[in-house]
Amino acid sequence: MKILVIQHKMIGDVLISSLLCENLKKAFPNVVVHYLINSNTLPVLENNPYIDQLIVFNENETKGLLKLIRFSKKINKNTYDVVIDAYSKMQSWINVFINNAPKKISYKKPFRTFLYTNNIIKHSQPKSHLGLAIEHRLALLKPLGIEKPLVTEPKLYLTEKEVEKARKSLKEHLVNTDRKTVMISLLGSDPTKTYPLEKMAQMVDFLGLNYNVNILFNYFPSQKNQAKEVYNQLSAETQSKIYFDLLGGDLRSFIALANECDLIIGNDGGAINMSKALGKRTFIVFSPWIDKNVWATFEDGINHTSVHLKDYFPEELKGLSNKKIKKQVDRFYALLEFDLFKEKLRNFLNLHLK
């Protein structure tokens, strides 16, 4: 049996959907699993032993309907028995429509059910601590008889060489290895997912003034000015604990550095999802327009916890779609003052740093 799993777009999505590949390989040892993903997410799948072949989708090379059709026809030559579409949007719909697989599985959406042999209904409330992002994907396995998934946590796979390189980098930057290390997810993937910088500075200063830790900032070189904006608002004591220029040169280097940290706190996004896949504890500040029920994966209030505006002012968001909230995200972020969740953060840090 040969199965194609489709998951376009972001790192967090691709990482979570890799669970499908692992479950398929463990449930059917002889199955061949191909995984279609966007080119920018390739690093999170390196060394993954549960994927037989990666099919890379390059958005720049497949823009336009004709190019997308040609790409889909090329994939169809692999003659799959099953296609699992975990993305279910235009890019994957064309692929699924062209594909001759006898079994096609995805989520039930209006006017799209004809594309699939099995349409899975999404539920609106999580049934476990896994969160909807994971629960929905694992439900895609049910038409194949996998009612109870064998694996529920995605993983990242580092080589010994990568681990050693990260440890060498810590030594070169004179990181105090007698202290625990906290990574700050400083900036979201876009401004609408980024906790306002002055509030982020308050959170980082709270950490630096109250705990004897090493602090690493997670940011891209192109975001250095924004990172400096946060750094410049911090007390001298907190600044002395920050290794500002200790960055991974690429995504794999970042993963290896995150592996050397004890906790990660800050904005939701790829850095958080990758850290969870490394077994790190997390404290997340969600953007007001992001659905916490979907992305608060493994939330147990101990190892993984989070805050969202709806936790404090549910009436402000009542009746508003995520799209409408996103358009006014600055106004809603302004309501999410650090003082609202300072004690929650303190309890999390006391549990893991003292």
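Residues numbered from 1 in each chain as written. Predicted model: local features only at pLDDT ≥ 70, side-chain atom pairs only at ≥ 80, totals over all residues. Heavy atoms only, no water.

Participant: Looking at this structure, I do not really get the overall build of the chain. What am I missing?
Facilitator: Of the regular secondary structure elements, the chain holds 15 helices and 11 strands. For the chain, the C-alpha radius of gyration of 21 Å lies close to 20 Å, the compact-globule estimate for 354 residues. Counting only C-alpha atoms and orienting by the principal axes, one finds that the chain spans roughly 65 × 50 × 40 Å. Here the contacts in the chain between residues at least 6 apart in sequence split such that 63% fall between residues at least 24 apart. Carbon and sulfur atoms provide 51% of the accessible area of the chain, an area that totals close to 16600 Å². Positive and negative side-chain charges in the chain, numbering 50 and 36 respectively, have mean positions lying 7 Å apart. (Helix = DSSP H or I, 4+ residues; strand = E, 2+ residues; numbered from the N terminus. Rg over C-alpha atoms; globule rule 2.2 N^0.38 Å. Contact = heavy atoms within 4.5 Å. Areas by Shrake-Rupley, 256 points an atom, 1.4 Å probe, with all protein chains shown as cover. Lys, Arg positive; Asp, Glu negative; His and termini not counted. Charge placed at Lys NZ, Arg CZ, Asp CG, Glu CD.)

Participant: What is the right way to read helix α7 (residues 224-231) from this model?
Facilitator: Every α-helix carries 3.6 residues per turn, so stepping three or four residues along brings you back to the same face. Of the positions making up α7, those classed as buried are A227, V230 and Y231. Considered in projection along α7, the buried side chains sweep an arc of 100° and stay on one side of the axis. Where α7 is buried, its residues touch α6 (197-210), β8 (213-218) and α8 (236-239). (Buried < 20%, exposed > 50% of the residue type's maximum accessible area, 1.4 Å probe, protein only. Arc of directions from axis to C-beta.)

Participant: Looking at this model, I keep getting lost on the pairing of strand β5 (residues 103-107). Mind explaining?
Facilitator: Strand residues, when the strand is regular, have side chains that alternate between the two faces of the sheet. The buried fraction of β5 amounts to 4 of the 5 residues, a majority that puts the element mostly inside the structure. Regarding topology, helix α3 (residues 90-98) serves as the crossover connection from strand β4 (residues 82-85) to the parallel β5, and that connection is right-handed. Here β5 pairs with strand β6 (residues 118-120) via 3 bridges, running parallel. Bridging across to β6, S106 finds its partner in N119. (Right-handed = clockwise from strand over helix to strand, strands pointing away. Pairing = 2+ DSSP bridges.)

Participant: Sorry, what's going on with empty space enclosed by the protein here?
Facilitator: Rolled over the atoms, a probe with the dimensions of a water molecule shows which regions are left empty. Taken as a whole and assessed by the stated rule, the structure comprises 1 cavity of 30 Å³ or more. Its volume calculated, the largest cavity comes out at about 50 Å³. Along its surface, the largest cavity is lined by G12, L15, I16, I134, P154, N273, K276, T297 and F298. Looking at the lining of the largest cavity, the elements with two or more residues in it are α1 (11-27) and α10 (270-277). At 3 residues, the largest contribution of residues to the lining of the largest cavity is made by α1. Per-class residue counts for the lining of the largest cavity are 5 nonpolar, 3 polar and 1 charged. (1 Å grid on protein atoms, 1.4 Å probe; cavity = no way out; pocket = protein on both sides within 12 Å on 5 of 7 lines; lining within 4 Å. Points joined across faces, edges and corners; volume = space filled by probe spheres on them. Nonpolar A, V, L, I, M, F, W, Y, C, P; charged D, E, K, R; others polar.)

Participant: Where do I start with the sheet that holds strand β10 (residues 281-285) in this structure?
Facilitator: Paired through backbone hydrogen bonds, the strands of a sheet run either parallel or antiparallel to each other. Taking strand neighbours across the sheet as the criterion, the 5 strands line up as β8-β7-β9-β10-β11 in an open arrangement whose pairing is parallel. Lying at the two open borders of the sheet, with one neighbouring strand each, are β8 and β11 (304-307). The average angle at which neighbouring strand axes cross in this sheet is 15°, direction not considered. Here 5 bridges tie strand β9 (residues 263-267) to β10, and the two strands are oriented parallel to one another. Bridge pairing in β10 places N267 opposite V285. Its contacts with the sheet put α6 on β7 (180-185), β8, β9 and β10, and the angle it makes with β7 is roughly 175°. (Axes fitted to C-alpha atoms, helices over the stretch in contact; angles between N-to-C directions.)

Participant: Got a minute to help me understand the environment of L247 in this structure?
Facilitator: Here L247 lies in the loop between α8 and α9 (251-259). C-alpha separation for the pair L247 and N218, spaced 29 residues apart in sequence, amounts to 7.1 Å. Setting aside chain neighbours within four positions, we find L247 in contact with F217, Y219 and L257.

Participant: How should the sheet that holds β4 be read in this particular structure?
Facilitator: Taking strand neighbours across the sheet as the criterion, the 6 strands line up as β3-β2-β1-β4-β5-β6 in an open arrangement whose pairing is parallel. Each edge of the sheet is formed by a strand with only one pairing partner; in this case those strands are β3 (53-57) and β6. On average, each strand axis in the sheet is tilted by 15° relative to the strand beside it, whichever way the strands run. Across 5 bridges, the pairing between strand β2 (residues 32-38) and β3 is parallel.

Participant: Just to check I follow, could you spell out the packing of aromatic side chains for this structure?
Facilitator: By convention here, two paired aromatic rings are described through the distance between centres and the angle between planes. Taken as a whole, this structure holds 11 aromatic pairs when the rule is applied. With a centroid separation of 5.2 Å and 80° between ring planes, the pair formed by F57 and F71 is classed as edge-to-face. Of this pair, F57 sits in strand β3 while F71 sits in helix α2 (residues 65-76), placing them 14 residues apart in sequence. Given a relative accessible area of 2%, F57 falls into the buried group. Judged by centre distance (6.0 Å) and plane angle (55°), the ring pair of Y195 and F341 falls under tilted. In this pair, Y195 sits in the loop between β7 and α6 while F341 sits in helix α15 (residues 338-353), placing the two residues 146 residues apart along the sequence. (Phe/Tyr/Trp six-rings, centres within 6.5 Å; stacked < 30°, edge-to-face > 60°.)

Participant: Can you walk me through the pattern of salt bridges in this structure?
Facilitator: If the charged atoms of two oppositely charged side chains come close together, the side chains can form a pair. Applying the stated criterion across every chain, the model contains 14 salt bridges. Where D311 meets K292, a salt bridge forms, and the shortest distance between an N and an O atom there is 3.0 Å. Placement of D311 in the loop between β11 and α12 (314-317) and of K292 in helix α11 (residues 292-295) is noted, with a sequence separation of 19 residues between them. A single network of salt bridges, built from pairs that share partners, joins E22, K26 and K155. (Salt bridge = Lys/Arg side-chain N within 4 Å of Asp/Glu carboxyl O.)

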